[in-house]
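Here are the chains, one letter per residue:
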Amino acid sequence: MEIKTDALVLRSTDVGENDRMITLLTADLGKIGAKMKGVRKAGAKLGFAAQPFCFAEYVLAEKSGRYTVVSASLHDGFFPLREDLAAFYAAAAISECCDLLAFEGMDSRALLVYAADALEKLCGNDPAAVLVLFLIRALAFAGYPVRAEETCPYCKKKLFGRMRFELSCGAFSCGGCGKGVPASEITYSAVRSALKGELFPERDGNLRALRLLSAYFSEKTGAEPRSFTDLFDMI
Ligand SMILES: [Zn+2]
């Protein structure tokens, strides 16, 4: 049986003499592994489709639950990512988060759209701002929404100045309420921007928001994405 689906390459590993195993985030099948035969031979026609961050329409042959790539037609390879180290590390973080959040058989179309949009935005924007926007969307997709209301959820006072962020429920509160970790107003502003689908213009706010969201991601998923550690060393 052949299946046609949009997909993004999250990981790619050499196997055997000339083959590769790729991990795909697909629109229709969730996260799957697929074999690409002969793709490491010089001049292999589908070489592009075995590269990390390749976003393409894949045609897959399925046999007993195993997939082999038959053909692929490229949507975007996000090639500028390879010329900017910070953007490349941010792209690796996006891939790793998708890898941790997706599983086979789930409806992952929305996550795929968020990831492809983020990879495109990484070509030319602040990587931290793009990652904050992606994480807000990906966490909501996974059932862990972030809340940054205008007022404190406990005392209903307008939020400003020193605040708290509760890692258990993903919400900002005022500095006097709740048991969250301390959070600054600029962190809150960066998160509010991302919740509106916008890239926040101030780098300091984006970096702070990114640290907070990576802590929230770990709290909720129990995973500590390695690529975040690399990224924080880089940006
Ligand atoms: Zn309060």
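Coordinates for the structure precede this section.
Residues numbered from 1 in each chain as written. Predicted model: local features only at pLDDT ≥ 70, side-chain atom pairs only at ≥ 80, totals over all residues.

## Considering the environment of Gly161
Logical step 1: Mapped onto the elements of the fold, Gly161 is located in the loop between helix H3 (127-141) and strand S6 (163-166).
Logical step 2: By C-beta crowding, Gly161 is classed as exposed, having 9 other C-beta atoms within 10 Å.
Logical step 3: Taking the C-alpha atoms as reference, Gly161 lies 48 Å from Ala50; in sequence the two are 111 residues apart.
Logical step 4: Setting aside residues up to four positions removed in sequence, Gly161 forms contacts with Gly175 and Glu185. (Helix = DSSP H or I, 4+ residues; strand = E, 2+ residues; numbered from the N terminus. Buried ≥ 20, exposed ≤ 12 C-beta atoms within 10 Å, placed from the backbone. Contact = placed C-beta atoms within 7 Å.)

## Considering unusual backbone geometry
Logical step 1: We note that Phe53 has phi near 75 degrees; this positive angle belongs to a residue other than glycine.
Logical step 2: Structurally, Phe53 can be placed in the loop between strand S3 (31-36) and strand S4 (55-63).
Logical step 3: With 23 C-beta atoms counted inside 10 Å, the residue Phe53 sits in the buried group.
Logical step 4: Positive phi, normally seen in glycine, also occurs at Lys156, with a value near 70 degrees.
Logical step 5: With respect to the helices, strands and loops of the structure, Lys156 is situated in the loop between H3 and S6.

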